[in-house]
Amino acid sequence: MQRDFLKTLTLLLLVAGSAVTAETKNPASAAPTIRFDNPFDQSDAGSHLLGGVIDIIQDEKGFIWLGGENGLGRYDGRDLKLYQADSSSERSLSGNYVWSLALDKDGVLWQATGGGLSRYNERTEDFTQYLQFGDTRFISGSLSSLAVGEDNTLYVGGIRSLYAINPTRTAMSIYQPAPPISRGPNVGQVQDLSIDSDGRVWMAMAGMGVAIFDPATASFEYLLHNPNDANSIAYNHVRVIVHDKQGRTWLGTYGNGISLLDHATGKFTHYAHDPDDPFSLEVNIIWDITLDSEGVVWVALDQGGLARFDETTQSFHHYHNAPYDSHSLISDQVRVVYEDNNSDLWIGAFPAGVSFYNRSTQVFRHHTSRPNDPSSLSNNAILAMLESEDGTIWVGTENGLNALDSRNDRVRRYMSDPDSPYGLKANPVLALEEDTNGQLWVGTWAGGLHRFDPDTGRFYNYSNQSDNPGSINDDFIWSLLLSRDQTLWVGTENGGLNRYHRDTDSFSHYINQEGQDNTISGNYLPALLEDQSGRLWIGTYPGLDLFDPDTETFTPATQASVTSQPGDDLNIRSLHEDNQGRIWIGTDQGVNIYHPNTGEVRHINVQEGLPSSSVSSILEDERGDIWLATTNGLARIGSDLTVIATYSRDNGLAGSNYNRDASLKDSQGLLYFGSTEGITVFNPEDLNKHGANFPVVITNLRILNRAAPIGVKGSPLSTSILTTDELTLTHEDTMFSFDLAALNFRQNNTMRYSYQLEGFDRGWNNIGRNTSATYTNINSGEYRFRTRASVNGENWVEGQTIAITILPPPWRSWWAYCIYLAILAVLLWFAHKYITLQVRAEAYRSKSMTDPLTQLYNRAGIAQVSEGIFANPTTKKGMCLMIMDIDHFKRVNDRRGHDAGDRILCDVSRIVRDCLRTSDHFGRWGGEEFILMCPTHGHASSHYLAEKVRKTVEAHTYEQHSRKPIHLSVSIGLVDIEPEDSFESALKRADNALYKAKELGRNCVVMAD
């Protein structure tokens, strides 16, 4: 009996040893883990030239200004523009050591420097230096602090002096505090100015405590350290003063921590470094104190990093530089903390650079493994997650099982214990499921399946036993599913699908049987799903199956019907059914959405906006949006199946590589995603609260790749491009470029830009992360240049626009065109005169060559045509010449009169002309004789053409409308032109042939020899 008791006790101790619990009483444990971005990398020359950052401010346009040890910087989210003092220019910064920056009620940026006071001129992008206002000069050139009163009075702190510059900047008064304290050589510099709700100016002074100036009475009162009075400030070297909304004043000292004055009680509370208290200030040298919009107090410490004060626990949580963590604080020598318009924090540091805290990343909470902290996760590589009925978040990692209590973020670890019969057999936990009895089922890699009893803390192992056919057939467990009939289904790496039989505590197996129908597609099962209708979806490498438990048959969900990727096998990585009954299938080639009711399939991949094609996990939030975890971040998909947004480590996630199906939506609607770098937890509704608007501006104009100067003769810029609404360019500005900047410091890594030149571009030019727009050889005219920017290409924000006039060259100006019109009118007048003369000349020439009766060529016209034909042997070749005479025409004239004769001559001319070709030449030689010159192909062709003419004339009836119509005939003398012929010789031979035709009785064709 005693032996059994000892054995049981030993087992309980072993189980307890395998479950490591860490509960600490860290009063600062509620402080958020902060992921800092460092805008300037180690290679940024501007940041290094600027040196340590002492003050930060944001102007009305949204630029961040950095006051440094070696100048002033303007940051637009991508580029840092450096301004430095130049002794040769009165329009430069007063001094390079910029102690303080202030923005007055008119939006003017003032700088207090080691070389005096200056203001930035926005329109000209230069500075105005001030040695005096009115007749009053500054006592010393070294000025160290600035503040602006409600009436826009500008207060300037110097060495033991307070300067008050009136709102119109026309006069200045000087007030010098005189506290009852001895003065040393380095005592009295006013290091900070702060104005309380009563309008009094508080002066933080080096070695002289605090001087409080009342403008109404022009008098001072003082707060000094009294070593014999605990209710005095802790130290006389005061570096910073801040007034909070609770009626208290925070005084940061340069050597003895913080003194907090409660004005209601007049009592001081002191916060200083206590070596016995890890939650006290780490150092006592305070550079800055900032009270943010949420009421949180931030403290800049020299060599102590950044401290966050927890009012509830009266403790400080510190943030430090970690040399190998690029998202830790840039340096532990913090000089200034500034909250911008988006409530984000900028932390200026020494020796150079700033850290940026994107407050929107507070939406994302992280659970990670922390060295030497057993209350954190046992490993950052997250493999599986499950929320149990009691609200515990169970986390399977590469190195153990973790139970996360979401109420207090405490973790209980369960690690492999090979020596315990009731411990885990392997640390990599790949799958989790809970049954209705509250038993947790744990699938491990190489350790088999476990059933965990939370009441006893015992693990009961199910592993492959070669001599037991009812054992699980593989020890590599990838997926678990408890179906609605309480059956536990197990997906393995090598053994296909296993079914657990509770009544016999055994398993049946379904493995791929190559060559058989209705078998599972593969033996590697990363994903299991039971849909609303009770069907089991089995995701395998390399395909997707539907399983009917009643018939124990598998039906492949073919690519054509479900995946829209015909032909290739798909490795299924995750499965999900949404509230519309659609099946989401995560693969290594994107995600497929299958609607069983309609058979419709939609495929989404990188081309549609996914950050990666490998979709490892799928969740649906309370709004019905789908979240896809990929190997390169998260994607949010809307109900219309478009990618709403993507998120990565740059947006505040614990990591970007989600390579396992490790996600869950808890009972509160929070989403958990496990990556290779820990867990990210967030409420999707909170993401919509941080869609801050941002300005889009034009920061630079370049002409022919050179920055256009401001106010210089020949430059198109009379004022800064930032304040330019209208721009006039000349014809010589053949190439011009604009540089764009979206002043969104939260998402500048994912910012996308677009521009359009209205009047030239047909639409927007989307240029991705590029920020330059260039145009060349644009025609003269009126245009409008528009800009816009977007985070991830969604919800575009339009920004600065500029109306652009491009002037034409002088030879294309309006007065040049007037001259051109005058010249053209003169030319047209001369052209008209010339053409008129030419037409008249042509008419005269035509009349001289045309027979007035028949409108055929006359002798002169025939002579000109023949001259061209007989010019050379080539043009004569293949030509024939005919002389045609109307038979007995004198008889016609005598009997019918000359009018009838003329009509008949015209009729003969017309009918002959109608039967000729366009290449034939026909003219009246005189009286009733006509000449034809025609191209032919030898004697037969010439004779045929002549006979055609003769017969045409003979066949026609003339004077048909008279009482006595007549018929006529013609005699034709024909000759083929020989190479040696001239017009005269050919004509003579043809004339001889005509006489022979008449001798032969007329009405015939005779060809000359």
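Not measured: the values here are computed from a predicted model.

1. A short note on helix H11 (residues 983–999)
Move 1: Given a rise of 1.5 Å per residue, 17 residues ought to cover 24 Å, and the 24 Å separating the end C-alpha atoms of H11 matches this to within 8%.
Move 2: Residues of H11 that are buried in the fold lie against helix H6 (859–869), strand S69 (879–886), strand S70 (921–926), strand S71 (929–935), strand S74 (970–976) and strand S75 (1005–1007).
Move 3: Phi for Gly-1001, located one or two positions after H11, is positive at around 110 degrees.

2. Considerations on the sheet that holds strand S6 (residues 80–83)
Move 1: Strand order in this open sheet of four strands is S3-S4-S5-S6, and the pairing throughout is antiparallel. Here the strands that pair on one side only, and so sit at the sheet edges, are strand S3 (53–58) and S6. The average undirected angle you get between the axes of adjacent strands in this sheet is 20 degrees.
Move 2: Pairing geometry for S3 and strand S4 (residues 64–68), over five bridges, is antiparallel. Across the sheet, the residue bridging to Asp-55 is Gly-67, located in S4.

3. Here we look at the sheet that holds strand S42 (residues 488–492)
Move 1: Taken together, the four strands give an open sheet; going across it, the order is S41-S42-S43-S44, and neighbouring strands pair in antiparallel fashion. Only two strands of the sheet have a single partner each, and these edge strands are strand S41 (477–482) and strand S44 (506–510). The mean inter-strand angle of the sheet, taken between neighbouring strand axes irrespective of direction, is 25 degrees.
Move 2: Sheet topology note: the S41/S42 ladder contains five bridges and is antiparallel. Within S42, the position partnered with Ile-477 by the bridge is Thr-492.

4. Some words on the packing of aromatic side chains
Move 1: Scanning the model with the defined rule gives 66 aromatic pairs in all.
Move 2: Taking 6.2 Å as the distance between ring centres and 65 degrees as the angle between the ring planes, the aromatic pair formed by Trp-925 and Phe-983 counts as edge-to-face. One end of the pair, Trp-925, is in strand S70; the other, Phe-983, is in helix H11, and 58 residues separate them in sequence. Considered together, Trp-925 and Phe-983 belong to a single accessibility category, that of buried residues.
Move 3: Taken together, the ring pairs in this structure connect Phe-364, Trp-627, Tyr-647, Tyr-658, Phe-673 and Phe-682 into an aromatic cluster.
Move 4: The cationic tip of Arg-788 hangs over the ring face of Trp-796; the distance from NZ or CZ to the ring centre is 4.2 Å.
Move 5: Sitting over the face of the ring of Tyr-995, Lys-998 holds its NZ or CZ atom 5.9 Å from the ring centroid.

5. Some details on the pairing of strand S16 (residues 172–175)
Move 1: In terms of strand pairing, strand S15 (residues 162–165) meets S16 through four bridges, oriented antiparallel. Bridge assignment links Leu-162 to a residue of S16, and that residue is Tyr-175.
Move 2: Turn length for the S15-S16 hairpin, with the two strands adjacent in sequence and antiparallel, is six residues, and the turn residue Arg-169 shows positive phi of about 60 degrees.

6. Notes on the environment of His-509
Move 1: Positionally, His-509 belongs in strand S44.
Move 2: Exposure remark for His-509: the relative accessible area of 30% places this residue in the partly exposed category.
Move 3: Taking C-alpha positions, His-509 is 7.8 Å from Ile-472, a pair spaced 37 residues apart along the chain.
Move 4: Those residues in contact with His-509 that lie beyond four places of it in its chain are Pro-469, Ser-471, Ile-472, Asn-473, Leu-497 and Asn-498.
Move 5: Of note is the side chain of His-509, whose polar atom sits 2.7 Å from the backbone oxygen of Ser-471.

7. A short note on the UniProt feature "domain: GGDEF" (unreviewed entry) in the chain
Move 1: Here, the residues flagged by UniProt with the feature "domain: GGDEF" (unreviewed entry) are residues 877–1009.
Move 2: Taken end to end, residues 877–1009 is 45% helix and 26% strand, and its first and last C-alpha atoms sit 17 Å apart.

8. A word on the confidence of the model for the chain
Move 1: Per-residue confidence for the chain gives a mean pLDDT of 90, with 94% of residues at or over 70.
Move 2: Long-range and interchain partners of residues 1–30, a stretch whose pLDDT sits below 50, account for 37 contacts in this model, where long-range means more than four residues apart.

9. Overview of a nonpolar patch on the surface
Move 1: A surface patch of nonpolar side chains, about 940 Å² in accessible area, is lined by Trp-811, Trp-814, Trp-815, Tyr-817, Ile-819, Tyr-820, Ile-823 and Leu-827.
Move 2: Tracing the backbone shows Trp-815 in helix H5 (residues 814–849).
Move 3: Trp-815 gets classed as partly exposed once you look at its relative accessible area, which sits at 43%.

10. Side note on the packing of helix H9 (residues 898–915) against helix H10 (residues 939–955)
Move 1: The N-to-C vectors of H9 and H10 enclose an angle of 140 degrees; their axes lie 10 Å apart at closest approach. Between H9 and H10, the angle falls in the class oblique. Regarding H9 and H10, the two cross each other, and that crossing is right-handed. Touching Val-908, Ile-911, Val-912 and Cys-915 of H9 are Lys-948, Val-949, Thr-952 and Val-953, all from H10.

11. Side note on the state of the cysteines
Move 1: Scanning the model with the defined rule gives zero disulfides in all.
Move 2: Lacking any disulfide linkage, Cys-915 is separated from the closest cysteine sulfur, that of Cys-934, by 9.1 Å.

12. Remarks on the pairing of strand S66 (residues 772–776)
Move 1: Across the two faces of S66 the burial differs, with Ala-773 and Tyr-775 buried and Ser-772, Thr-774 and Thr-776 not buried at all.
Move 2: Summarising the sheet, strand S63 (residues 735–742) and S66 pair through five bridges and their orientation is antiparallel. Within the sheet, the bridge partner assigned to Phe-738 lies in S66 and is Ala-773.

13. Some words on the packing of helix H8 (residues 889–896) against H9
Move 1: Where H8 contacts H9, the axes come no closer than 7 Å and their chain directions differ by 135 degrees. The angle between H8 and H9 falls in the class oblique. Residue-level contacts link Phe-889, Val-892, Asn-893 and Arg-896 of H8 to His-898, Ala-900, Gly-901, Ile-904 and Leu-905 of H9.
Move 2: When grouped by side-chain class, the residues that make up the contact of H8 with H9 number five nonpolar, three polar and one charged.

14. A closer look at unusual backbone geometry
Glycine aside, negative phi is the norm for most residues, and most peptide bonds take the trans geometry.
Move 1: A cis amide bond, omega 10 degrees, links Phe-350 with the succeeding residue Pro-351.
Move 2: The topology assignment puts Pro-351 in the loop between strand S30 (345–349) and strand S31 (354–357).
Move 3: Although it is not a glycine, Leu-704 sits at a positive phi angle of roughly 50 degrees.
Move 4: Secondary-structure assignment places Leu-704 in the loop between strand S60 (696–703) and strand S61 (706–707).
Move 5: Residue classification places Leu-704 among the partly exposed positions, given a relative accessible area of 45%.
Move 6: Here the phi dihedral of His-888 falls at roughly 55 degrees; this positive angle occurs in a residue that is not glycine.

15. Here's the deal with the pattern of salt bridges
Move 1: Enumeration over the complete set of coordinates arrives at 37 salt bridges.
Move 2: Across the pair Arg-484 and Glu-530 runs a salt bridge whose closest N-O atoms are separated by 3.3 Å. On the criterion of sequence distance, the pair formed by Arg-484 in the loop between S41 and S42 and Glu-530 in strand S45 (residues 524–530) is long-range, its members being 46 residues apart.
Move 3: Two residues, Arg-649 and Glu-677, come together in a salt bridge whose shortest N-O distance is 3.1 Å. One end of the pair, Arg-649, is in the loop between strand S56 (643–647) and strand S57 (663–665); the other, Glu-677, is in the loop between strand S58 (671–675) and strand S59 (678–682), with 28 residues separating them in the sequence.
Move 4: Look at Arg-649 and you get partly exposed, because its relative accessible area is 26%.
Move 5: Assessed through its relative accessible area of 30%, Glu-677 is described here as partly exposed.
Move 6: Through salt bridges with shared partners, one network takes in Asp-292, Glu-294, Glu-339 and Arg-359.

Conventions and cut-offs
- Along each chain, residues carry numbers from 1 onward, in the same order as the chain's sequence is written.
- Given that this is a predicted model, residues contribute local features only at a pLDDT of at least 70 and side-chain atom pairs are listed and counted only at 80 or more, while totals for whole chains, interfaces and linings are drawn from all residues.
- To obtain the side-chain values, all non-hydrogen atoms of the structure were included, while hydrogens and water were left out.
- What counts as a helix is a DSSP run of H or I of at least four residues, what counts as a strand is a run of E of at least two, and both are numbered from the N terminus.
- To estimate how far a helix should extend, the number of its residues minus one is multiplied by 1.5 Å.
- The contact definition used throughout considers only heavy atoms, calling two residues in contact when any of these lie within 4.5 Å.
- For two strands to be treated as a pair, DSSP must find no fewer than two bridges joining them.
- A fitted line through C-alpha atoms represents every axis, and for helices the fit uses only the stretch in contact; the resulting angles, taken between N-to-C directions, go from 0 to 180 degrees.
- Aromatic rings from Phe, Tyr and Trp, with only the six-membered ring used for Trp, were paired whenever their centres fell within 6.5 Å, and each pair was classed as stacked if the ring planes differed by under 30 degrees, edge-to-face if by over 60, and tilted otherwise.
- For every residue, the accessible area (1.4 Å probe, protein chains only) is compared with the maximum for its type, and the residue is labelled buried under 20%, exposed over 50%, or partly exposed between those bounds.
- Placement of a charge over a ring requires the Lys NZ or Arg CZ to be within 6 Å of the ring centre, with the centre-to-atom vector within 35 degrees of the ring normal.
- As used in this structure description, the phrase polar contact means that two N or O atoms lie within 3.5 Å; if the pair is within protein, one of them must be able to donate a hydrogen and the other to accept it, and residues adjacent in sequence are counted only when both atoms belong to side chains.
- UniProt positions are given in the numbering used here, feature names are shortened, and annotations may be inferred rather than shown by experiment.
- Confidence per residue, as judged by the predictor, is encoded in pLDDT with a range of 0 to 100.
- Think of a patch as exposed residues, more than 30% relative accessible area, with no salt bridge, where like charges cluster within 9 Å and nonpolar side chains (Val, Leu, Ile, Met, Phe, Trp, Tyr) cluster within 5 Å.
- Computed with the Shrake-Rupley method and a 1.4 Å probe, the accessible areas treat only the protein chains shown as cover for residues.
- Each salt bridge in this description consists of a side-chain nitrogen of Lys or Arg and a carboxyl oxygen of Asp or Glu lying within 4 Å of one another.
- Should an angle fall under 35 degrees it is taken as roughly parallel, and over 145 as roughly antiparallel, whereas 65 to 115 is taken as roughly perpendicular and any remaining angle as oblique.
- A crossing counts as left-handed when the near helix is turned anticlockwise from the far one by less than a right angle, and as right-handed when that turn is clockwise.
- Two cysteine sulfur atoms form a disulfide, by the criterion used here, when they sit within 2.5 Å.
- Any residue that is not Ala, Val, Leu, Ile, Met, Phe, Trp, Tyr, Cys, Pro, Asp, Glu, Lys or Arg is counted as polar, Gly included; the first ten are nonpolar and the last four charged.

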